[in-house]
Amino acid sequence: WYTPTIKNVVPQMQHNLNASGGSEDISYYVSLGYTEQQGFLRSGDLNYKRYNVRTNVTGKVTKDITVDLNLTGILDQKNQPYQDAWWIIRSFWRQNPLEPVYANNNPEYLAHTPVDGTNPIAMSDKNISGYKIFMNRWFQSSVSATYQAPFLNGLKFKGMYSYDFNSFTNKIYQQQYNQYTYDAASDVYTARPQQSPSSLRREYFERPNTLFQLSANYDHQFNSVHDVSALLLYENSVRSGENFYAL
């Protein structure tokens, strides 16, 4: 049962490209990334991919005003058979090594196993048992401006606005299939339906968040002895979410 279910080698790769630079008044950083990981199932139907980008830009608009812009985006997708990996491993672990994968060793008839009736070969193949696709998107952004007050040493004003958005799109397909028992005396294969009836489920979740801040900060040391600091802060945060699914 091991060889037709589990791979011996599972590759993974990751690539990153970074760039940074700037001048006296502006600096930037950009990062691009890609990750791909194959799963341990022999069918190849368990895998994961992720793309990410990040950029930070800081610039002096005037001698006293600095602006910062930060953007981050991530897109990832996980593909898998309808049954979760742990359930496939459980089925694989419970099989009798003397039992055949196929009824009467006929590749056209998946065996209905005597222990618990599951067949890890069928469970691990999306073309037989169905699939699950999980796609996630993250976007994070913030822009801020800082003003160093020239008329009072140690006083600065700052405004910041942040917008984050997460969305999750899932597709879950449960496919009915048959497993079989074989009666050698009558040379008859008897079908045992699994995951009946077939069903398709779509899910969508989104969670936008905003954050707005205004602050005045004073921090100064007098005569190298006395430290005086004060912070005045206004903050407004809005969190929301929306969920939807359909069968």
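Preceding this paragraph is the structure being described.
Counting of residues starts from 1 at the beginning of each chain's written sequence and follows it residue by residue. The predicted nature of this model means local features are confined to residues of pLDDT at least 70 and side-chain atom pairs, given and counted, to a pLDDT of 80 or more, with totals for whole chains, interfaces and linings taken over all residues. To get the side-chain values, all heavy atoms of the structure are used, and hydrogens and water are removed first.

Caption draft 1: Molecular detail of the overall build of the protein chain. Along its length, the protein chain carries 4 helices and 11 strands. The globule rule is 2.2 Å times the number of residues to the power 0.38, and the radius of gyration it is compared with is taken over C-alpha atoms. Its C-alpha radius of gyration of 29 Å places the protein chain more than 25% over the 18 Å reference for a compact globule of 247 residues. Note on classification: 1.4 Å probe, protein chains only; a residue is buried when its accessible area is under 20% of the maximum for its type, exposed when over 50%, partly exposed between these limits. By the burial criterion, 29% of the 247 residues in the protein chain qualify as buried. Pairs of residues are marked as contacts when any of their non-hydrogen atoms sit within 4.5 Å. At a minimum sequence separation of 6, the contacts of the protein chain that also span at least 24 residues come to 63%. Summed over its atoms, the accessible surface of the protein chain is roughly 15,400 Å², and 54% of this surface lies on carbon and sulfur atoms. The averaged location of the 21 negative side-chain charges in the protein chain is 1 Å from the averaged location of its 21 positive side-chain charges. The numbering of helices and of strands both runs from the N terminus, where a helix is a DSSP run of H or I of at least 4 residues and a strand a run of E of at least 2. Accessible areas in this description were obtained via Shrake-Rupley with a 1.4 Å probe; residue shielding takes into account the shown protein chains only. Under this rule, positive means Lys or Arg and negative means Asp or Glu; His and the chain ends count for nothing. Here the site of a charge means NZ on Lys, CZ on Arg, CG on Asp, or CD on Glu.

Caption draft 2: Representation of the environment of Thr113 in the model. By the secondary structure assignment, Thr113 is in the loop between helix 2 (85-94) and helix 3 (120-123). Accessibility expressed as a relative area gives 3% for Thr113, which makes it buried. Sequence separation between Thr113 and Arg192 is 79 residues, and the spatial gap between their C-alpha atoms is 11 Å. In contact with Thr113, other than residues within four places in its own chain, are Trp1, Gln95 and Thr118.

Caption draft 3: Representation of the pairing of strand 1 (residues 12-22) within the structure. Of the strand pairs in this sheet, strand 1 and strand 2 (residues 26-38) are connected by 11 bridges, and their pairing is antiparallel. Looking across to strand 2, one finds that Leu17 is bridged to Leu32. Between strand 1 and strand 2, which follow one another and run antiparallel, lie 3 residues. Only strands that DSSP links by at least two bridges are regarded as paired with each other.

Caption draft 4: Expanded view of the nonpolar core. Throughout, nonpolar core names a set of buried Ala, Val, Leu, Ile, Met, Phe, Trp, Tyr and Cys residues whose side chains join them through atoms within 4.5 Å. Counting 10 residues, the largest nonpolar core is built from Trp1, Leu41, Leu46, Ile88, Val101, Leu110, Ile121, Ala122, Met123 and Tyr177. Considering every element that reaches this core, the biggest residue donor is helix 3, with 3 residues. For Val101, the residues in contact, after removing those within four places along its chain, are Trp1, Pro4, Leu110, Ala111, Asn119 and Ile121.

Caption draft 5: Representation of the pattern of salt bridges. The term salt bridge refers to a side-chain nitrogen of Lys or Arg lying within 4 Å of a carboxyl oxygen of Asp or Glu. Counted according to the given criterion, the structure contains 4 salt bridges. Of the charged contacts, one joins Asp84 and Lys132 as a salt bridge, the two residues approaching to 3.3 Å between their closest N and O atoms. Remark: Lys132 occurs in strand 5 (residues 130-148) and Asp84 occurs in the loop between strand 4 (65-81) and helix 2; sequence separation between them is 48 residues. The partner of Asp116 in a salt bridge is Arg90, and the shortest N-O contact between them spans 3.4 Å. Of the two residues, Asp116 sits in the loop between helix 2 and helix 3 while Arg90 sits in helix 2, which places them 26 residues apart along the sequence. Exposure remark for Arg90: the relative accessible area of 29% places this residue in the partly exposed category. Through salt bridges with shared partners, a single network forms among Arg90, Arg94 and Asp116.

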